[in-house]
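# Structural features, examined
Read off the chains here:
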Amino acid sequence: MVSKRVYIFDTTLRDGEQSPGVSLNINEKLEIATQLARLGVDIIEAGFPIASEGDFQAVRTIAENVEGPTIAALARIDPQDIDRAWEAVKVAKKPRIHTFIATSDIHMKYKLQLPRETVLELAVKGVKHARQYTDDVEFSPEDASRSDLDFLCQVVEAAIDAGATTVNIPDTVGYATPEEFGQFIAAIRRKVSNIDRTILSVHCHNDLGLAVANSLAAIANGAQQVECAVNGIGERAGNTALEEMVMALYTRKDFYDYHTEINTKEIYRTSKQVSSLTGMSIQSNKAIVGRNAFAHESGIHQDGVLKERTTYEIMNPEMIGLVQNNIVLGKHSGRHAFRQRLEELGFEVDKTELDKAFTRFKSMADRKKEISDKDIEAIVEAEIRRI
Ligand code: KIV
Ligand code: ZN
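Owing to the predicted nature of the structure, the values given are computational and were not obtained by experimental measurement.

## Comments concerning the site of ligand 1
In the vicinity of ligand 1, the contacting residues are Asp15, Phe100, Ser140, Glu142, Asn168, Pro170, Thr172, His203 and His205. At the level of secondary structure, the elements contributing two or more residues to the shell around ligand 1 comprise β6 (137-142) and β7 (166-171). In terms of residue class, the shell around ligand 1 is made up of two nonpolar, five polar and two charged.

## Description of helix α10 (residues 267-278)
Structurally, the α-helix is built with 3.6 residues per turn, so residues lying three or four positions apart point the same way. With twelve residues, α10 extends 16 Å between its outermost C-alpha atoms, agreeing within 8% with the 16 Å of an ideal straight helix rising 1.5 Å per residue. Within α10, eleven of the twelve residues are buried, which leaves the element mostly enclosed by the surrounding structure. All buried positions along α10 are accounted for by Ile267, Tyr268, Arg269, Thr270, Ser271, Lys272, Gln273, Val274, Ser276, Leu277 and Thr278. Positive backbone phi, at 75°, marks glycine 279, one or two positions downstream of α10.

## Side note on unusual backbone geometry
At glutamine 113, a residue that is not glycine, the phi angle is positive and equals roughly 50°. In this structure, glutamine 113 sits in the loop between α4 (105-112) and α5 (116-131). For aspartate 143, which is not a glycine, the phi torsion comes out positive at approximately 60°. Locating aspartate 143 in the fold gives a position in the loop between β6 and α6 (149-162).

## Some thoughts on the UniProt feature "domain: Pyruvate carboxyltransferase" (unreviewed entry) in the protein
If you check UniProt for "domain: Pyruvate carboxyltransferase" (unreviewed entry), the listed places come out as residues 6-268 in our numbering. From the first C-alpha to the last, residues 6-268 spans 21 Å; its make-up is 43% helix and 18% strand.

## Quick look at the UniProt feature "binding site: Mn(2+)" (unreviewed entry) in the protein
Listed under "binding site: Mn(2+)" (unreviewed entry) in the UniProt record, and renumbered for this structure, are Asp15, His203, His205 and Asn239. For this annotated set, covering 225 residues, all C-alpha atoms fall within 10.3 Å of each other, a compact arrangement in space. By the element assignment, histidine 205 lies in the loop between β8 (199-204) and α8 (211-220). Judged by local crowding, histidine 205 falls into the buried class, with 25 C-beta atoms found within 10 Å. If we ignore the near neighbours within four places in the chain, the residues touching histidine 205 are Asp171, Thr172, Val173, Gly174, Ala211, Gly234, Glu235, Arg236, Ala237 and Asn239. Residue placement: asparagine 239 occurs in the loop between β9 (225-228) and α9 (242-251). Setting aside residues up to four positions removed in sequence, asparagine 239 forms contacts with Thr11, Asp15, Gly16, Cys204, His205, Asn206, Ala211, Glu227, Cys228, Ala229, Gly232 and Gly234.

The rules behind these values
- Residues numbered from 1 in each chain as written.
- Chains lettered and ligands numbered in written order.
- Predicted model: local features only at pLDDT ≥ 70, side-chain atom pairs only at ≥ 80, totals over all residues.
- Near = placed C-beta within 6 Å.
- Helix = DSSP H or I, 4+ residues; strand = E, 2+ residues; numbered from the N terminus.
- Nonpolar A, V, L, I, M, F, W, Y, C, P; charged D, E, K, R; others polar.
- Expected span 1.5 Å × (residues − 1).
- Buried ≥ 20, exposed ≤ 12 C-beta atoms within 10 Å, placed from the backbone.
- UniProt positions renumbered as here; feature names shortened; annotations may be inferred.
- Contact = placed C-beta atoms within 7 Å.

Shown next as structure tokens:
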């Protein structure tokens, strides 16, 4: 049987950039978007154009320059927001407008101060407005997982009738648990009569550490798109971690009959690049991309792995592009080997940056016999990212 496709919608540059303390400039965003295209994500949410002139320009630059994935721009449901999103994204080969309004009683009462009927009306108007521009419109009922199910289904059905081609169900505050969220998605599929006319998506936050588990449960119950961020960055505790989601489906394809089109060999490099440009370090024991993810400390484990890798390794590190470093860098190493290792670690440097980093590397190599990947990362941090 052919396994079903799951679309990967990457929101590193939008929700990811909403991580406290993270602010990327246009060049950095373009660098990340280019790498995301290489990674093979289906959709890049490039930003929220109404938020600032910088966000607008970044979305526009990505739309102009990055080919392959669909490029999405976020907008609240009002026409001005949608116009601005379209203005930024329209130059893309495959543009998408992603528009949202909250549907939970708590958000409608305190934040929007609008009754249900008005929210329903605005959702329909907004989706129709976006459809004037493009036939690729995503609609999100914000805080869906805390919304009244019948009202949520009413809004979703109306949004699809108005032309939404993707409907995204956000667990905005990371409140859901896997069984419950799976049942929630199944109920939406059952109750919304026109659901087959749209792609059903989920967007999970990680406040309880359950974003990946909730997304998996959603897929098992009929979701076809998952919204993720590299290294799981995003508002508060972040979003579904792209690398975990993709590798869970890949590694457990014996159980899950779903696949993505992600080039898993680009995962490690993408993770390093995002960490380096956002300044958000990756915890050592982070699944898939943490420094310890493939390290074996205990004697029993080391012995097992030496005899047969699969005794204690469920994934081959090469599958995420973690190339074993056969070349030991030291004082006799040249610029070429140094540059190659930088690239393998996800650092793209121009000539000036390479010169600076190489000089520092040589002086470190005079003091230390072998230069580790950690040393190289420290050199890059010191010489390149902080200038
Ligand atoms: O968490 C959320 O609800 C969002 C929406 C804008 C999709 O980020
Ligand atoms: Zn979010």
